[in-house]
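Structure at a glance
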Amino acid sequence: MTVHHTELLIDGQWTPASGGAVFDVLNPATEQIIAKVASAAAADVARAVQAARAQFDGGAWSRLSGAERGRLLNRLADLIERDADELARLESLDVGKPLGEARMVDLNSAIGTFRYFAGWADKIEGRAVPTPGFRGRPTHAYTIREPLGVVGVITPWNAPIMIAAWKLAPALAAGCTLVLKPAEDAPLSTLHLGALIQEAGFPPGVVNLVPGLGTEAGAALTAHPDVDKITFTGSPEVGRQVQRTAADTFKRVTLELGGKSPQIILADATVEDAVRGAARGLFANQGEVCAAGTRILVHRSLHDEVVTGLAEAARAVKLGDPFDPATTMGALISARHRERVLGYVEAGRREGATLAAGGGRPDGPGFFVQPTVFTGASPDMTIAQEEIFGPVGTVLAFDDVDEAVRIANGTRYGLAATVWTRDVTLAHDLARRIRAGSVWVNCWGVIDPRLPWGGVKHSGIGRDLGASALDAYTEDKAVTVLL
Ligand code: NAD
């Protein structure tokens, strides 16, 4: 397929990088180069920030009403829907994920997110606050929720258009302007989105795109003094660096980081459903999912049945060409990432866990890794503690609910968790006791734009999505009038 957009989008103009630098974008399933994309330098980032600042400080965008911003967001959602098949093909080509999954999960989420926040744009209200007055005279006090300013957006490669939508939609609804740096491994769908933003009629400079390297374009955006906020999704290591740099200029930060999410299968669970759901939580998107349910905590009475079921599910996965409708798992993003994932498999073996399925990679081109299930591990092993970000899961047995909660909470992460049970009391009890941003009961991965999304502990700071995302892009101003 043809890749149409490979340049930077700054102030409404597609332009090459100032030094003319480009980086290669590969098809992970074939290892072929599919595009050469402009690689933004610090000077390009500065121009993009300037364009975003001009729109924010008195430009056409700053004069639009919330209703008008909402109309533009709805128009953008319509255009994404019109191009959804092409965008899904681009995502599949660039990320290596199965085409059907890209269309059903990533594109539907992006469209739904723009529509949800379009509805919010004219409902960002302040409050009239009763105050006791000042020195014997009454006061009239109220708050205004104002857009925060110029937002720097840094996104990962695993779900580029979906995560860009999670950040762009609330920021635009709130009235912010943006500079977005997509991940260098998979920038293509974001660049197509840039063309749709132009077509929808957003004033030039409201959304600027600076594809480039993290250490160059990402670092420049994070350090730029005229950026008011950074919203970042990626690894904890880079998130920590982003927060440190952002502190120099007191930028606000939202960080959506990694996870090591537990899926707890209680003794009364319907095993067939739990195994099917747990396998999805392990293998969806090649396991390159921040919320992947990679620690399967099983009541000892069901342990063997669950291991057998998950091993069968792993062997039933059809690994291959993401464009083949029969394929259920595609390729990992890069050779470097595949080696990282296989390194964790090796660590699992070395530390004494047993492979129930997978553990290797198929011959031939493409960054594929077999769906892999470990058993016989202990909760403190590397494979049960660290985020692997590939199709590798670890089954751990527990004897009672307290132990399950202890293991579930026993990592530095706290993004999501699943509980499989038919006991409604236990379900709610565990939902409270597990330290995570989201808990799913008898399902996995149900992320809805109406619900907040984010983590606790090392999984991040702040929330994307839901009404709380609007707080992340607004500041409260207090106005007091002496009457
Ligand atoms: P990454 O941290 O390597 O990169 C993320 C982004 O940061 C990329 O755009 C990259 O170019 C940029 N970057 C790299 N170095 C930078 C620097 N010094 N300054 C500024 N920006 C820099 O992460 P990744 O490999 O792209 O994504 C995988 C990680 O993302 C996993 O840990 C995963 O759990 C996490 N993730 C989290 C969520 C969530 O919602 N919590 C969603 C998806 C992915």
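Residues numbered from 1 in each chain as written. Predicted model: local features only at pLDDT ≥ 70, side-chain atom pairs only at ≥ 80, totals over all residues. Heavy atoms only, no water.

For the rest of this paragraph, the subject is the nonpolar core. A general tendency of soluble globular proteins is for nonpolar side chains to be buried together. Ranked by internal contacts, the top residues of the largest apolar core, which has 71 residues, are Phe114 and Phe202. Looking at which element gives the most residues to this core, the answer is helix 5 (residues 160-174), with 12 residues. Excluding residues that lie within four positions of it along the chain, Phe202 makes contacts with Trp61, Leu72, Leu73, Leu76, Leu172 and Ile197. Membership of the second largest hydrophobic core comes to 29 residues, among which are Phe367, Phe374, Leu396 and Phe398. (Core = buried A, V, L, I, M, F, W, Y, C linked by side-chain atoms within 4.5 Å. Buried < 20%, exposed > 50% of the residue type's maximum accessible area, 1.4 Å probe, protein only. Helix = DSSP H or I, 4+ residues; strand = E, 2+ residues; numbered from the N terminus. Contact = heavy atoms within 4.5 Å.)

Time to look at the sheet that holds strand 5 (residues 128-129). In spatial order, the strands read 5-6-20; together these three strands make up an open sheet with antiparallel pairing. The two strands at the open ends of the sheet, each matched to only one other strand, are strand 5 and strand 20 (474-482). Sheet analysis places strand 5 next to strand 6 (residues 139-147), joined by two bridges and oriented antiparallel. The residue bridging Ala128 from the neighbouring strand is Tyr142, located in strand 6. (Pairing = 2+ DSSP bridges.)

Applying the stated criterion to the full structure yields six aromatic pairs. Considering the side-chain rings of Trp157 and Phe389, the 5.4 Å spacing of their centres and the 75° angle between planes classify their relative orientation as edge-to-face. One end of the pair, Trp157, is in the loop between strand 7 (150-154) and helix 5; the other, Phe389, is in the loop between helix 12 (382-385) and strand 16 (392-398), with 232 residues separating them in the sequence. Overall, Phe389 belongs to the buried group, its relative accessible area being 16%. (Phe/Tyr/Trp six-rings, centres within 6.5 Å; stacked < 30°, edge-to-face > 60°.)

Taking 1.5 Å of rise per residue, 15 residues should cover 21 Å, and helix 5 covers 22 Å from first to last C-alpha, within 8% of that figure. Counting buried residues in helix 5 gives 15 out of 15 residues, a clear majority hidden from the surface. Looking one or two residues past helix 5, Gly175 carries a phi angle of roughly 100°, positive in sign. (Expected span 1.5 Å × (residues − 1).)

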